[in-house]
Amino acid sequence: MLQPETINKTNHYDAIIIGAGPAGLTAGIYLSRARARTLILNEGVVGGQMVLTHEIANYPGVEKTGGYQLSNIMKKQARSFGCEIRANIRISELHLEGDIKQVILSDGNAYTGNAVILAPGGRPRTMGADGESTFKGRGISYCATCDGDFFTGKEIVVVGGGNSALEEAVSLTKYVTKVTIVHQFDHFQAYQHAIDEAQSNPKIHFILNSTISAFHGSESLTSVDIQNLKTGEIREFKTDGAFIFIGYLPNTEFLAKIIELNEKGEIIVNGDMETSVRGVLAAGDCIAKRYRQVTTAIGDGTIAALSALNHLHQIKTRKSI
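Keep in mind that what you see is a predicted model, and the values were worked out from it rather than measured. (Residues numbered from 1 in each chain as written. Predicted model: local features only at pLDDT ≥ 70, side-chain atom pairs only at ≥ 80, totals over all residues. Heavy atoms only, no water.)

A.B. asks: Looking at this structure, how should I read the overall build of the chain?
C.D. replies: Within the chain, the secondary structure is distributed over 6 helices and 17 strands. In terms of overall size, the chain behaves like a compact globule, its C-alpha atoms giving a radius of gyration of 22 Å where 321 residues would be expected to give roughly 20 Å. Split into buried and exposed, the 321 residues of the chain put 48% on the buried side. For the chain, the share of sequence-separated contacts (at least 6 apart) that also reach a separation of at least 24 residues comes to 60%. Only carbon and sulfur atoms are counted for the fraction: they give 49% of the accessible area of the chain, which is about 15900 Å². Across the chain, the centroid of the 31 positively charged side chains sits 6 Å from that of the 33 negatively charged ones. (Helix = DSSP H or I, 4+ residues; strand = E, 2+ residues; numbered from the N terminus. Rg over C-alpha atoms; globule rule 2.2 N^0.38 Å. Buried < 20%, exposed > 50% of the residue type's maximum accessible area, 1.4 Å probe, protein only. Contact = heavy atoms within 4.5 Å. Areas by Shrake-Rupley, 256 points an atom, 1.4 Å probe, with all protein chains shown as cover. Lys, Arg positive; Asp, Glu negative; His and termini not counted. Charge placed at Lys NZ, Arg CZ, Asp CG, Glu CD.)

Next up, the structure:
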């Protein structure tokens, strides 16, 4: 546990935020505007998954914007209040116990803070099929709410057999003319009401005991190879798009044995975004929750920042007594 006399004041912050997606950037805006010295550390490009979204049409108050543009605005806003941002870093060590937290990077730089907000985000589970990475964002999507409108009047496939796959398939019928659900088993891993709703929808069709083995196209996706897992037979299937819902992976591997995680690797938080470690908050797609949107991440980041400010106030109060 670090002691105050060992702190390098140059590298000490009131709060350190790990992750620069919408949750982390929002927390940075709130904290730095409240005049808390704040540092954001991000292992990739600033913006997180938001940067990969070509168009965001459901952000309140903004008719239409791109994920890259929105992340740039949030980054500039955070910096305008004095928030420091370091991107493309690698974290080698994390020490979160006690009033003084420490983050050590692979380049040898070490930073300390009195509060830490974990917002490393997450990523959809991918299939690993040929062509999947090529057509990501060019016909392949992992978010019906984000991209469903772009497929209005078209025919699509949905991969998966859980609640998310079936529920999202039903929601996509608001836009598309036909949904074909491709699932590797002959039964679904979903609640019965979700199964019934999907099976009763005339726009939804099913190909079971099968998987997609390859994605094809030129500028955008035009067809997929569907393999029957019982016979091994592969057939080409024409489609305008593919939505993949086979699970979600939080970027929390580096937090194992440091923070309490659930069986899915998601960070367990309470309503104030507090984790199992005092002075450590979490927000965004890394936490245990049902819905993952830019707006929900922003809400999480706001709560985490306000809770962090309360924690900082408590530390100052204790020191003054």
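A.B. asks: Explanation requested: the packing of helix H4 (residues 163-172) against helix H5 (residues 192-199) in the structure shown.
C.D. replies: A pair of packed helices can be characterised by two numbers: the angle between their axes and the separation between those axes. Put simply, H4 and H5 touch, their axes get as near as 9 Å, and they point 35° apart. Between H4 and H5 the crossing geometry is left-handed. Only His-193, Ala-194, Ile-195, Glu-197 and Ala-198 of H5 make contact with H4, whose side of the interface consists of Asn-163, Leu-166, Glu-167 and Val-170. Here the contact of H4 with H5 is built from residues that sort into 5 nonpolar, 2 polar and 2 charged. (Axes fitted to C-alpha atoms, helices over the stretch in contact; angles between N-to-C directions. Left-handed = near helix turned anticlockwise from the far one by under 90°. Nonpolar A, V, L, I, M, F, W, Y, C, P; charged D, E, K, R; others polar.)

A.B. asks: I would appreciate a short explanation of the pattern of salt bridges in the present structure.
C.D. replies: Once the charged atoms of two side chains with opposite charge are near each other, the side chains can pair. Taken as a whole, this structure holds 9 salt bridges when the rule is applied. Close ionic contact of Asp-107 with Arg-86 constitutes a salt bridge, the shortest N to O distance being 3.1 Å. One end of the pair, Asp-107, is in the loop between strand E5 (101-105) and strand E6 (110-118); the other, Arg-86, is in strand E3 (residues 84-86), with 21 residues separating them in the sequence. Between Glu-266 and Arg-292 there is a salt bridge, and its shortest N-O distance comes to 2.7 Å. Linking Glu-266 in the loop between strand E16 (248-250) and strand E17 (280-282) with Arg-292 in the loop between E17 and helix H6 (294-320), this pair joins segments that are 26 residues apart in sequence. When its relative accessible area of 8% is taken as the criterion, Glu-266 is described as buried. In the salt-bridge network here, residues are joined through shared partners; they are Asp-99, Arg-278 and Arg-318. (Salt bridge = Lys/Arg side-chain N within 4 Å of Asp/Glu carboxyl O.)

A.B. asks: Which parts of the structure should I look at to understand H5?
C.D. replies: Helical geometry: 3.6 residues make up each α-helical turn, so side chains three or four residues apart lie on a common side. Those residues of H5 lying buried are Ala-194, Ile-195 and Ala-198. On an axial view of H5, the arc spanned by its buried residues comes to 100°, and they lie on one face. For H5, the secondary structure elements touched by its buried residues are H4 and strand E11 (204-207). (Arc of directions from axis to C-beta.)

A.B. asks: Whenever I open this one, the sheet that holds strand E13 (residues 221-228) confuses me. Can you help?
C.D. replies: Two orientations exist for strands paired in a sheet by backbone hydrogen bonds: parallel and antiparallel. Strand order in this open sheet of 3 strands is E12-E13-E14, and the pairing throughout is antiparallel. Only two strands of the sheet have a single partner each, and these edge strands are strand E12 (210-217) and strand E14 (234-238). Averaged over all pairs of adjacent strands, the angle between their axes in this sheet comes to 30°, without regard to strand direction. Both E12 and E13 contribute to a ladder of 7 bridges, which runs antiparallel. Note that in E13 the partner of Ala-214 across the bridge is Asp-225. (Pairing = 2+ DSSP bridges.)

A.B. asks: Please clarify how the environment of Ala-242 should be interpreted in this entry.
C.D. replies: Among the structural elements, Ala-242 can be located in strand E15 (residues 241-244). We classify Ala-242 as buried; its relative accessible area is 0%. Distance in space between the C-alpha atoms of Ala-242 and Phe-151 is 10.0 Å, their sequence separation being 91 residues. When sequence neighbours within four positions are dropped, the list of residues in contact with Ala-242 reads Gly-139, Ile-140, Ser-141, Val-157, Phe-215 and Leu-221.

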